[in-house]
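Each chain, written out:
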Amino acid sequence: MQPRKALPLALEALAETKDLNARLFIAGDGEMRRDWESYAKRLNLGGKVEFLGQVPWNEISRLYQSADAFLFTSLRDSFGSQVLEAMAHSLPILALDHQGVGTFCSV
């Protein structure tokens, strides 16, 4: 969890959807985790967001299989391999049309 991943975009969007029955599972760890967990609490997202921390590779496939969609908010990535993994699990992708991710999502 780094600033360039722009997770607040997802948190703020979810906070605006008060009537939407959605949950956001966030896998990973990093320098921004505490700040973003606090931000989610300030946005009253306690029941809608779960920070999973570092998830072992053998459990990632189960997460993809249990998801209804994959949200990718990164603002600067050399390659969004997680997007391709989500596509391999037939998930709809929600991403910014930015830095190539929008290109391979529209194929």
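Structure shown above.
This one's a predicted model, so the numbers in the text were calculated from it and none came from an experiment.

## Digging into the overall build of the protein chain
Next, step 1: For the protein chain, the helix and strand inventory stands at 5 helices and 4 strands.
Next, step 2: The order of helices and strands in the protein chain, counted from the N terminus, is α-β-α-β-α-β-α-β-α.
Next, step 3: Classification of the 107 residues of the protein chain by burial places 33% in the buried group.
Next, step 4: Long-range pairs, those at least 24 residues apart, make up 63% of the contacts in the protein chain between residues at least 6 apart in sequence.
Next, step 5: By element, 52% of the accessible surface of the protein chain is carried by carbon and sulfur atoms, the whole surface being about 7,100 Å².

## Quick notes on the pairing of strand S2 (residues 49-53)
Next, step 1: Burial along S2 is one-sided: Val49, Phe51 and Gly53 are buried, and none of Glu50 and Leu52, which face the opposite way, are.
Next, step 2: With 4 bridges connecting them, strand S1 (residues 24-27) and S2 associate as parallel partners. Among the inter-strand pairings, alanine 27 is bridged to a residue of S2, identified as glycine 53.
Next, step 3: What joins S1 to S2 is helix H2 (residues 33-42), and the crossover it makes is right-handed.

## Structural notes on the side chain of lysine 48
Next, step 1: Looking at where lysine 48 falls in the secondary structure, it is placed in the loop between H2 and S2.
Next, step 2: One buried charged residue, lysine 48, forms no salt bridge at all, with the nearest opposite charge on aspartate 19 at 7.5 Å.
Next, step 3: Engagement of the side chain of lysine 48 in a polar contact is seen with the backbone oxygen of threonine 17, the distance being 3.0 Å.
Next, step 4: From its side chain, lysine 48 meets the backbone oxygen of leucine 20 in a polar contact 3.0 Å long.

## Looking at the packing of helix H3 (residues 57-66) against helix H4 (residues 81-88)
Next, step 1: Where H3 contacts H4, the two axes come as close as 9 Å, and the packing angle between them is 55°. The angle between H3 and H4 falls in the class oblique. Two packed elements cross with a definite hand, and for H3 against H4 that hand is right-handed. Facing H3, whose interface residues are Trp57, Ile60 and Tyr64, H4 presents Gln82, Glu85 and Ala86.
Next, step 2: Tallied by class, residues from the contact of H3 with H4 come to 4 nonpolar, 1 polar and 1 charged.

## Digging into the nonpolar core
Next, step 1: Of all hydrophobic cores here, the largest spans 14 residues; its most connected members are Leu7, Leu11, Leu24, Ile26, Leu45, Val49 and Phe51.
Next, step 2: Those elements that place two or more of their residues in this core are helix H1 (7-16), S1, H2 and S2.
Next, step 3: A total of 5 residues in this core trace back to one element, the largest contributor, which is H1.
Next, step 4: Leaving out residues up to four positions away in the same chain, leucine 11 has contacts with Leu24, Ile26, Trp36, Tyr39, Ala40, Leu43, Leu45 and Val49.
Next, step 5: By size, the runner-up hydrophobic cluster in this structure holds 10 residues, among which are Val55, Leu63, Tyr64 and Leu91.

Cut-offs and rules
- Residues numbered from 1 in each chain as written.
- Predicted model: local features only at pLDDT ≥ 70, side-chain atom pairs only at ≥ 80, totals over all residues.
- Heavy atoms only, no water.
- Helix = DSSP H or I, 4+ residues; strand = E, 2+ residues; numbered from the N terminus.
- Buried < 20%, exposed > 50% of the residue type's maximum accessible area, 1.4 Å probe, protein only.
- Contact = heavy atoms within 4.5 Å.
- Areas by Shrake-Rupley, 256 points an atom, 1.4 Å probe, with all protein chains shown as cover.
- Pairing = 2+ DSSP bridges.
- Right-handed = clockwise from strand over helix to strand, strands pointing away.
- Lys, Arg positive; Asp, Glu negative; His and termini not counted.
- Salt bridge = Lys/Arg side-chain N within 4 Å of Asp/Glu carboxyl O.
- Polar contact = N/O pair within 3.5 Å; in protein donor to acceptor, adjacent residues only side chain to side chain.
- Axes fitted to C-alpha atoms, helices over the stretch in contact; angles between N-to-C directions.
- Parallel < 35°, antiparallel > 145°, perpendicular 65-115°, else oblique.
- Left-handed = near helix turned anticlockwise from the far one by under 90°.
- Nonpolar A, V, L, I, M, F, W, Y, C, P; charged D, E, K, R; others polar.
- Core = buried A, V, L, I, M, F, W, Y, C linked by side-chain atoms within 4.5 Å.

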